[in-house]
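# Commentary on secondary and tertiary structure
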Amino acid sequence: MAKKPRRKCIHCREWFHPVRDGQVVCCYVCASAVGKEQTAKNKADAMRAEKKRQREEEKEQRARQAERRQAVKPLSYFIKQAQQAFNEFIRYRDRHMPCISCGRYHDGQYHAGHFRTTGANPELRFDEDNCHKQCSVCNNHLSGNLTAYRPALIAKIGQARFDALMGPHELPKWKRDDYIRIRGEYRAKLKALKQQEAA
Ligand SMILES: [Zn+2]
Ligand SMILES: [Zn+2]
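Conventions used here
- Residues numbered from 1 in each chain as written.
- Chains lettered and ligands numbered in written order.
- Predicted model: local features only at pLDDT ≥ 70, side-chain atom pairs only at ≥ 80, totals over all residues.
- Heavy atoms only, no water.
- Donors = N, O, S within 2.8 Å, 3.2 Å for Na, K, Ca; no water.
- Tetrahedral: all angles 85-135°; square planar, octahedral: opposite > 155°, others 65-115°.
- Helix = DSSP H or I, 4+ residues; strand = E, 2+ residues; numbered from the N terminus.
- Buried < 20%, exposed > 50% of the residue type's maximum accessible area, 1.4 Å probe, protein only.
- Domains from an automatic or database assignment.
- Core = buried A, V, L, I, M, F, W, Y, C linked by side-chain atoms within 4.5 Å.
- Contact = heavy atoms within 4.5 Å.
- Pairing = 2+ DSSP bridges.
- pLDDT = per-residue confidence, 0-100.
- Axes fitted to C-alpha atoms, helices over the stretch in contact; angles between N-to-C directions.
- Parallel < 35°, antiparallel > 145°, perpendicular 65-115°, else oblique.
- Left-handed = near helix turned anticlockwise from the far one by under 90°.
- Nonpolar A, V, L, I, M, F, W, Y, C, P; charged D, E, K, R; others polar.

Another aspect to go through is the coordination of the zinc ion (ligand 1). The protein atoms that coordinate the zinc ion (ligand 1) are Cys9 (SG), Cys12 (SG), Cys26 (SG) and Cys30 (SG), at distances of 2.2 to 2.4 Å. Around the zinc ion (ligand 1) sit four donor atoms, and with donor-metal-donor angles ranging over 101 to 117 degrees the site reads as tetrahedral. Mapped onto the sequence, the donors of the zinc ion (ligand 1) take the spacing C-x2-C-x13-C-x3-C. A residue pair is termed long-range when its members are at least 10 positions apart, and Cys12 in the loop between strand S1 (7-8) and strand S2 (15-16) and Cys30 in helix H1 (residues 28-72) qualify at 18 residues. Residue class for Cys30 comes out buried when judged on its relative accessible area of 5%.

Here it is in structure tokens:
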């Protein structure tokens, strides 16, 4: 049998003459050292894999917890979220306009004031004709200042739309998912409006 070409031991880097095919170490000592290194490496790999698995499990757990927290939120939470998104859109839509009721421009806080109240007319909660920028004085302290609101609203949207607003409306059977959808729609509408402004 022809002598195999010499090669370098992968452990001690000395030249040696292999006696077997695939022999990569020169002697038993190097073989055992390489074996130990391999074991240590395997252990480290296994530990890394385990840590990764743990991190992923924790992440999943957090996602499940967040989902559960959402699931136990009362319907009022989602109504409020949708109303906030709608109101923010209304305030931005009317940003260059004065208070719908008193016609004042001022630096204070503005609200989105419903003409027909959400309490008496929940079906008009998200009706854009029914809600306009209003100063906090008119909105909070004058209960909407409706006497002044009415003619200003007719002037703004026209008699036909005003009459439609005052007419009968069906009460939609909004559920949790509808409020989530409405919230999303008004966030998107506000974003589109802001982008329009920037363009
Ligand atoms: Zn060696
Ligand atoms: Zn006002």
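On we go.
When its domains are assigned, the protein resolves into domain 1 (1-72) and domain 2 (75-198). Taken over C-alpha atoms, the centre of domain 1 sits 64 Å from the centre of domain 2.

A separate point is unusual backbone geometry. Even without being a glycine, Arg13 presents a positive backbone phi close to 65 degrees. Examined against the element boundaries, Arg13 turns out to sit in the loop between S1 and S2. A positive phi angle, close to 50 degrees, is found at Ser143, a residue other than glycine. Turning to its location among the elements, Ser143 is positioned in the loop between helix H3 (136-141) and helix H4 (146-157). Under the relative-accessibility criterion, Ser143 is labelled exposed at 59%.

The next thing to look at is the coordination of the zinc ion (ligand 2). Around the zinc ion (ligand 2), the donor atoms from the protein are Cys99 (SG), Cys102 (SG), Cys135 (SG) and Cys138 (SG), and they sit 2.2 to 2.3 Å away. One way to put it: the four donor atoms around the zinc ion (ligand 2) meet at angles of 103 to 115 degrees, and that makes the site tetrahedral. Between the donor residues of the zinc ion (ligand 2), the gaps in sequence give the motif C-x2-C-x32-C-x2-C. Of this pair, Cys99 sits in the loop between helix H2 (75-93) and strand S3 (110-114) while Cys135 sits in strand S4 (residues 131-135), placing them 36 residues apart in sequence. Note on Cys99: relative accessible area 2%, which makes it buried. Accessibility expressed as a relative area gives 0% for Cys135, which makes it buried.

Among soluble globular proteins, nonpolar side chains are generally buried collectively. Phe86, Ile90, Phe126, Tyr179 and Tyr186 are the most contacted members of the largest nonpolar core, which has 16 residues in total. The dominant element in this core, judged by the number of residues it contributes, is H2, at eight residues. Ignoring any residue separated from it by four or fewer positions in sequence, one finds Phe126 in contact with Ala82, Gln83, Phe86, Trp174, Tyr179, Ile182 and Tyr186. Formed by eight residues, the second largest nonpolar core is a distinct cluster that contains Ile100, Leu124, Leu153 and Phe162.

Once that is clear, we can look at the pairing of S4. Here S4 lies mainly inside the structure; five of its five residues are buried. By the bridge criterion, five bridges tie S3 to S4 in an arrangement that is antiparallel. Considered in S4, the bridge of His111 is made with Gln134.

On average, residues of the protein score 93 in pLDDT, and 99% of them are at 70 or above. The element-level mean pLDDT for the protein is lowest in H3, coming to 88, with helix H5 (residues 159-166) highest at 97.

Burial of S3 is extensive: five of the five residues sit out of reach of the surface. Alternating residues of S3 divide into Tyr110, Ala112 and His114 and His111 and Gly113, and every residue in both groups is buried.

The next subject is the packing of H2 against helix H6 (residues 176-198). At their nearest, the axes of H2 and H6 sit 8 Å apart, and the two run at 20 degrees to each other. Relative to H6, the element H2 is oriented roughly parallel. For the crossing formed where H2 meets H6, the hand is left-handed. Seen from H2, the contacting residues are Leu75, Phe78, Ile79, Gln81, Ala82, Ala85, Phe86, Glu88, Phe89, Tyr92 and Arg93; seen from H6, they are Arg176, Tyr179, Ile180, Ile182, Arg183, Tyr186, Arg187, Lys189, Leu190, Leu193, Lys194 and Glu197. In the contact of H2 with H6, the residues fall into 14 nonpolar, one polar and eight charged.

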